[in-house]
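# Fold and contact review
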Amino acid sequence: MSVIVLDKLTKDFKNGRGVFDVSISVKRGECYGFLGPNGAGKSTTMRHLMGFYQPQSGSATIDGLNCWRDQKQLQSKIGYLPGEIAFPVDMTGKNYIRMIAKMRGMKDLSYEKELEDFFEINPASELRRMSKGMKQKVGIILAFMHKPELLLLDEPSSGLDPLMQSKFIELMERFKKAGTTILLSSHMFEEVERTCDRIGIIKNGRMIQEINATELRHSRLKTFELECEEEADLNKLLVQFPKMLYDRQTRIVRISVPDSRINELIAALSVCRLRYLKEEKHTLEEYFMQFYGGKSNV
Ligand SMILES: Nc1ncnc2c1ncn2[C@@H]1O[C@H](COP(=O)(O)OP(=O)(O)OP(=O)(O)O)[C@@H](O)[C@H]1O
Ligand SMILES: [Mg+2]
């Protein structure tokens, strides 16, 4: 059953800006990645889901409720992390967190404290004096502290250092395991690769592709680089993997195989004398970069 349903959502900001006929549905417990270049329409779409904008045409619903009309009812079940967080200037992080918790009717702040420890932040200082990363951590705490059933995360790890980015992915994985539905916009391929089940690509306000991330992970070829100690082994491999790339002088070989041929490759390599073997990491990045460039509009 779908939690989020966008049906031909349209908001025309004029001059070709906005979102046009965006249709997406996200199932319960699914993590949906929303990718696209700057200005593509990701944040605009998410703001519609939060009920901040009224659609010009089409609709945005969550659990069958209209995001614009029923926003009050919906907001308690959502954890939203905006792309650009606007904090009050004259409050400490802690007081602001307490204020939002009170507005949500939260009595138990033990999970909030756990998140502070997890992200190694003491939000006692004034929000306006905080670094970008610290503010982002406060934003993350606000989005996650009530353990919402739906997370709308707009570039959640922007501004976090690499260690914190990796911790944030860990947190998302935990929520995903617990069955939380997640819509995540991101420019970070690793984050998307590790968490998303499906990925939608938006460009110039229009959805241009939807991809099953799990299928994509398994359909891609894996490439291994190795060095044979003996030329005879290189020749043997060549018979079995005629498309492999090799250098006869260095005896360095690169073999690309689909998952379905992995066992065959291991069997073939087990009778060779190798100096080393390593897998070349392919990332979703290579696949997605084609959509980011100026030309590709399909
Ligand atoms: N309130 C607004 N009024 C007019 N134009 C707007 C408004 N909000 C967004 N836009 C325009 O709509 C387009 C989509 O913007 P949006 O912020 O949704 O992009 P995005 O995909 O989130 O980009 P980024 O990756 O840079 O965050 C942009 O061209 C932007 O300038
Ligand atoms: Mg944005």
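Predicted model only: the values in this text are computed from it and were never measured. (Residues numbered from 1 in each chain as written. Chains lettered and ligands numbered in written order. Predicted model: local features only at pLDDT ≥ 70, side-chain atom pairs only at ≥ 80, totals over all residues. Heavy atoms only, no water.)

## Digging into the overall build of the chain
This is how it is decided: Here a strand is any run of E in DSSP of at least two residues, a helix any run of H or I of at least four, and the numbering for each starts at the N terminus. To sort residues, take the accessible area from a 1.4 Å probe on protein chains only and compare it with the maximum for the residue type: under 20% means buried, over 50% means exposed, and anything in between is partly exposed. Here, Shrake-Rupley sampling with a 1.4 Å probe gives the accessible areas, and only protein chains in the shown set may cover a residue.
From N to C terminus, the chain includes eleven helices and 14 strands. If you line up the chain on its principal axes, its C-alpha atoms span 75 × 45 × 35 Å. By the burial criterion, 47% of the 298 residues in the chain qualify as buried. Accessible surface, the chain: about 15400 Å² in total, of which carbon and sulfur atoms supply 51%.

## Some words on the nonpolar core
Rules: In plain words, nonpolar cores are sets of buried Ala, Val, Leu, Ile, Met, Phe, Trp, Tyr and Cys residues tied together by side-chain atoms within 4.5 Å. Residues are treated as being in contact if the distance between any of their heavy atoms lies within 4.5 Å.
Phe-144 and Leu-171 are the most contacted members of the largest nonpolar core, which has 46 residues in total. With six residues, the single largest contributor to this core is helix H5 (residues 132-144). Leaving out residues up to four positions away in the same chain, Phe-144 has contacts with Tyr-111, Leu-115, Leu-151, Leu-153, Phe-168, Leu-171, Met-172 and Phe-175.

## Points about the domain arrangement of the chain
So the rule is basically this: Residue ranges for the domains originate in an automatic or database domain assignment.
Parsing the chain into structural domains produces domain 1 (2-217) and domain 2 (221-281). With centres defined by C-alpha atoms, the gap from domain 1 to domain 2 works out at 44 Å.

## A few points about the packing of H5 against helix H6 (residues 162-177)
Quick reminder of the rule: Axis definition: a line fitted to C-alpha atoms, limited for helices to the stretch in contact. Angles are taken between N-to-C directions and run from 0 to 180 degrees. Under this scheme an angle from 65 to 115 degrees is roughly perpendicular, one under 35 degrees roughly parallel, and one over 145 degrees roughly antiparallel; angles in between are oblique. Each residue gets one of three labels, nonpolar for Ala, Val, Leu, Ile, Met, Phe, Trp, Tyr, Cys and Pro, charged for Asp, Glu, Lys and Arg, and polar for the others, Gly among them.
For the pair H5 and H6, interaxial distance at closest approach is 13 Å and the crossing angle is 5°. The angle between the axes of H5 and H6 places the two elements in the roughly parallel class. Taken together, the residues of H6 that come into contact with H5 (itself represented by Lys-137, Ile-140 and Phe-144) are Met-164, Phe-168, Leu-171, Met-172 and Phe-175. Split into classes, the residues belonging to the contact of H5 with H6 amount to seven nonpolar, no polar and one charged.

## Overview of empty space enclosed by the protein
Where we set the bar: Within this scheme a cavity is a closed region of a 1 Å grid, computed over the protein atoms alone, that accommodates a 1.4 Å probe without allowing it to escape, whereas a pocket is open but has protein on both sides within 12 Å along at least five of seven lines; lining residues each have an atom within 4 Å of a point. Grid points are joined across faces, edges and corners, and a volume is the space filled by probe spheres set on the points.
Tallied over the full model, the rule gives one cavity of 30 Å³ or more. Taken together, Val-3, Arg-28, Ile-62, Asp-63, Lys-77, Glu-149, Leu-150 and Thr-181 make up the lining of the largest cavity.

## Concerning the side chain of Glu-112
Looking at where Glu-112 falls in the secondary structure, it is placed in helix H4 (residues 110-118). In this structure, Glu-112 is in contact with Lys-94, Ile-97, Ile-141 and Met-145, ignoring residues within four places of it in sequence.

## Thoughts on the pattern of salt bridges
Put simply, the rule reads: Salt-bridge detection follows one rule: a side-chain nitrogen of Lys or Arg within 4 Å of a carboxyl oxygen of Asp or Glu.
Taken as a whole and judged by the stated rule, the model has 22 salt bridges. Between Glu-173 and Arg-194 there is a salt bridge, with the nearest N and O atoms lying 3.4 Å from each other. Placement of Glu-173 in helix H6 and of Arg-194 in helix H7 (residues 189-195) is noted, with a sequence separation of 21 residues between them.

## Here's the deal with the sheet that holds strand E9 (residues 198-203)
What counts, and what does not: Here, strands pair whenever DSSP counts at least two bridges between them.
Sheet architecture is open: six strands sit in the order E6-E7-E8-E3-E9-E10, paired in mixed fashion. Looking along the sheet, the strands with just one partner apiece sit at the ends: strand E6 (78-81) and strand E10 (206-212). On average, adjacent strands in this sheet sit at an angle of 15° to one another, irrespective of strand direction. The sheet contact formed by strand E3 (residues 31-35) and strand E8 (residues 181-185) spans four bridges and is parallel. Each residue of the ladder has a partner; that of Gly-33, found in E8, is Leu-184. In the packing of helix H11 (residues 284-292) onto the sheet, contacts are made with E3, E9 and E10, and the angle to E9 comes to roughly 25°.

## Brief notes about the site of ligand 1
Put simply, the rule reads: For this purpose, a residue is taken to be near a molecule or strand whenever a single non-hydrogen atom of the residue falls within 4 Å of it. Polar contacts here mean pairs of N or O atoms no more than 3.5 Å apart (in protein, one a potential hydrogen donor and the other a potential acceptor; neighbouring residues in sequence count only if both atoms are side-chain atoms). Each molecule is checked against the cavity or pocket grid, and it sits inside if more than half of its atoms lie within 2 Å of the grid points.
Near ligand 1 there are 14 residues, and of these Gly-39, Gly-41, Lys-42, Ser-43 and Thr-44 occur at the shortest range. Here an oxygen atom of ligand 1 sits 2.5 Å away from a polar atom, N or O, in the side chain of Thr-44. With respect to ligand 1, the side chain of Tyr-53 contributes an N or O atom lying 3.4 Å from a nitrogen atom. Structurally, ligand 1 is housed in the second largest pocket. When contributions to the shell around ligand 1 are tallied by element, the ones reaching two or more residues are strand E2 (17-27) and helix H1 (42-49). A per-element tally of the shell around ligand 1 places H1 first, with three residues. Considered class by class, the residues forming the shell around ligand 1 number four nonpolar, seven polar and three charged.

## Overview of unusual backbone geometry
If you check the backbone angles, Asp-63 has positive phi at about 50° while not being a glycine. Within the secondary structure layout, Asp-63 lies in the loop between strand E4 (57-62) and strand E5 (65-66). With a phi close to 50°, Asn-204 is a non-glycine residue in the positive phi region.

## Points about the layout of surface pockets
Empty space among the atoms can be located by rolling a probe the size of a water molecule over them. In this structure, the largest pocket occupies an estimated 630 Å³ of space. Lining the largest pocket are 23 residues, and of these Met-50, Gln-75, Tyr-80, Ile-100 and Arg-104 sit closest to its centre. The set of elements that each furnish at least two residues to the lining of the largest pocket consists of helix H2 (71-75), E6, helix H3 (93-103) and H5. Partitioned by chemical class, the residues of the lining of the largest pocket number 14 nonpolar, five polar and four charged. As a volume, the second largest pocket reaches approximately 300 Å³.

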